[in-house]
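Observations on chain architecture
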Amino acid sequence: MTKAQPATRFIRVDAPPDGHDGVALLTLDRPAALNALSFDLLDELADVMTRLDRDGTTRAVVLTGAGTRAFAAGADITELAAQTPERLTSEGRFDVWDRIWAVGLPLIAAVRGYALGGGCELAMSCDLIVAGEDARFGQPEIRIGVMPGAGGTQRLTRAVGTARAMELILTGRTMDAAEARAAGLVTRVVPADEVLEAALALGDVIASMPPLAVRAAKRAVRQAEELPLRAGLQAERAAFFELFATDDQREGMRAFMEKRAPAWTGR
């Protein structure tokens, strides 16, 4: 008997819009709370992303927030305020961030309005960020007596450099989309009302590529942030060699020589 998929409460899962085959659209759906990231919302998001990662038909995921005011304005502070070090450690609720980071599909954040604290960390957990001109990014946790705890000190530093990350984190200030683009945090900035379509269009391009090569390339780029250069080069070369055992490699090179469009199978 097939197990029914759990109902979603905080994540809206939309079928690929017309003309966007292979691109899944996920929406953080707590607009009254500016899409604040509760533990249950994050668990649900990781569950949905894991299912998509395994379904064999999804080639890219676009993640956005409901409404126009925020991608996600941060963590659910009411929920966090009751935590203790012991409870945070024993319950392992922050492990969900590792599950999101482990998703092999390309993830594209479509950001309007605020992406602050956990919202900025979630956007940075995606592989590309398409931001509206109204977007604002930052890690303002210092202003409520804590610090980033879901990757902010690490990913922001890698994205924008130590000097700017240190200033943003220690002062809690935010940066607009133009500064975020200039600093290297954001992939593309577009007019606010074009964010979703621009993100879906980017997803279309990625979804049209050979999926095994896309996953391998994503993994290699991420390893560049974690491995020394020599180890990263070795990992890249091994992944490159492994792709020569795939049908898509043979099809891609044959199609190039025959001057036709390739037909990818994901094998």
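Description of the structure in this document.

Rules used throughout
- Residues numbered from 1 in each chain as written.
- Predicted model: local features only at pLDDT ≥ 70, side-chain atom pairs only at ≥ 80, totals over all residues.
- Heavy atoms only, no water.
- Phe/Tyr/Trp six-rings, centres within 6.5 Å; stacked < 30°, edge-to-face > 60°.
- Helix = DSSP H or I, 4+ residues; strand = E, 2+ residues; numbered from the N terminus.
- Buried < 20%, exposed > 50% of the residue type's maximum accessible area, 1.4 Å probe, protein only.
- Lys NZ or Arg CZ within 6 Å of the ring centre and 35° of its normal.
- Salt bridge = Lys/Arg side-chain N within 4 Å of Asp/Glu carboxyl O.
- Axes fitted to C-alpha atoms, helices over the stretch in contact; angles between N-to-C directions.
- Parallel < 35°, antiparallel > 145°, perpendicular 65-115°, else oblique.
- Left-handed = near helix turned anticlockwise from the far one by under 90°.
- Contact = heavy atoms within 4.5 Å.
- Nonpolar A, V, L, I, M, F, W, Y, C, P; charged D, E, K, R; others polar.
- Polar contact = N/O pair within 3.5 Å; in protein donor to acceptor, adjacent residues only side chain to side chain.

Here the focus is the packing of aromatic side chains. The final tally for this structure, using the stated rule, is 3 aromatic pairs. Their ring planes at 70 degrees and their centres at 6.0 Å tell us that F39 and F94 sit as a pair that is edge-to-face. With F39 in helix α1 (residues 39–54) and F94 in the loop between α3 (85–91) and α4 (96–101), this residue pair connects regions lying 55 residues apart in the sequence. Here F94 falls in the partly exposed class, since its relative accessible area comes to 32%. Ring centres 5.1 Å apart and planes at 70 degrees place the aromatic pair F240 and F244 in the edge-to-face group. For F240, a relative accessible area of 48% corresponds to the partly exposed category. Exposure remark for F244: the relative accessible area of 37% places this residue in the partly exposed category. Three or more aromatic residues joined by ring pairs make a cluster, and in this case those are F240, F241 and F244. A cation over a ring is seen here: R155 above W101, with NZ or CZ 3.8 Å from the ring centre. Note that R222 overlies the ring of W101, its terminal NZ or CZ placed 3.4 Å from the centroid.

With that settled, consider the pattern of salt bridges. Opposite charge on two side chains permits them to pair, given that their charged atoms come into close proximity. One pass over the full model with this rule turns up 20 salt bridges. Ionic pairing is found between R112 and D134, a salt bridge with its closest N-O pair at 3.1 Å. Here R112 is found in the loop between β5 (107–111) and β6 (114–116), whereas its partner D134 is found in the loop between β7 (128–132) and β8 (136–138), with 22 residues between them in sequence. Residue R112 is classed as partly exposed on the basis of its relative accessible area of 24%. Residue classification places D134 among the partly exposed positions, given a relative accessible area of 30%. Residue R173 is joined to E167 by a salt bridge in which the shortest nitrogen-to-oxygen separation is 2.6 Å. Ionic contacts of the salt-bridge type, sharing partners, join the residues R9, D40, D43 and R93 into one network.

Take the packing of helix α6 (residues 152–160) against helix α7 (residues 162–171) next. Contact pair α6 / α7: the axes reach a minimum separation of 7 Å and the direction vectors enclose 140 degrees. One element, α6, and the other, α7, form an angle in the oblique class. Crossing of α6 against α7: the hand is right-handed. Of the residues in α7, those in contact with G152, T153, L156, T157 and V160 of α6 are T162, R164, A165, L168 and I169. Its residues placed into classes, the contact of α6 with α7 shows 5 nonpolar, 4 polar and 1 charged.

What follows concerns unusual backbone geometry. In terms of backbone geometry, most residues other than glycine have negative phi values and most peptide bonds are trans. Positive phi, close to 55 degrees, is recorded for L34, a residue that is not glycine. If you trace the backbone, L34 turns up in the loop between β2 (23–28) and α1. Backbone geometry at N35 places phi at a positive 60 degrees, although glycine is not the residue there. Note that N35 resides in the loop between β2 and α1. When its relative accessible area of 0% is taken as the criterion, N35 is described as buried.

All right, on to helix α5 (residues 118–125) then. The buried fraction of α5 is high, at 8 of 8 residues. Taken residue by residue, α5 has G118, G119, C120, E121, L122, A123, M124 and S125 as its buried positions.

What follows is about the environment of H20. Residue placement: H20 occurs in the loop between β1 (11–14) and β2. Separated by 177 residues in the primary sequence, H20 and E197 have C-alpha atoms spaced 10.0 Å apart. Ignoring anything within four residues of it in the chain, the contact list for H20 reads E197, L200, A201 and D204. A distance of 2.6 Å separates polar atoms of two side chains, one belonging to H20 and the other to D204.

The subject of this paragraph is the environment of P140. Structurally, P140 can be placed in the loop between β8 and α6. On a C-alpha basis, the gap between P140 and L227 in space is 29 Å, while along the polypeptide they are 87 residues apart. Excluding residues within four positions of it along the chain, P140 makes contact with L116, G117 and G172.

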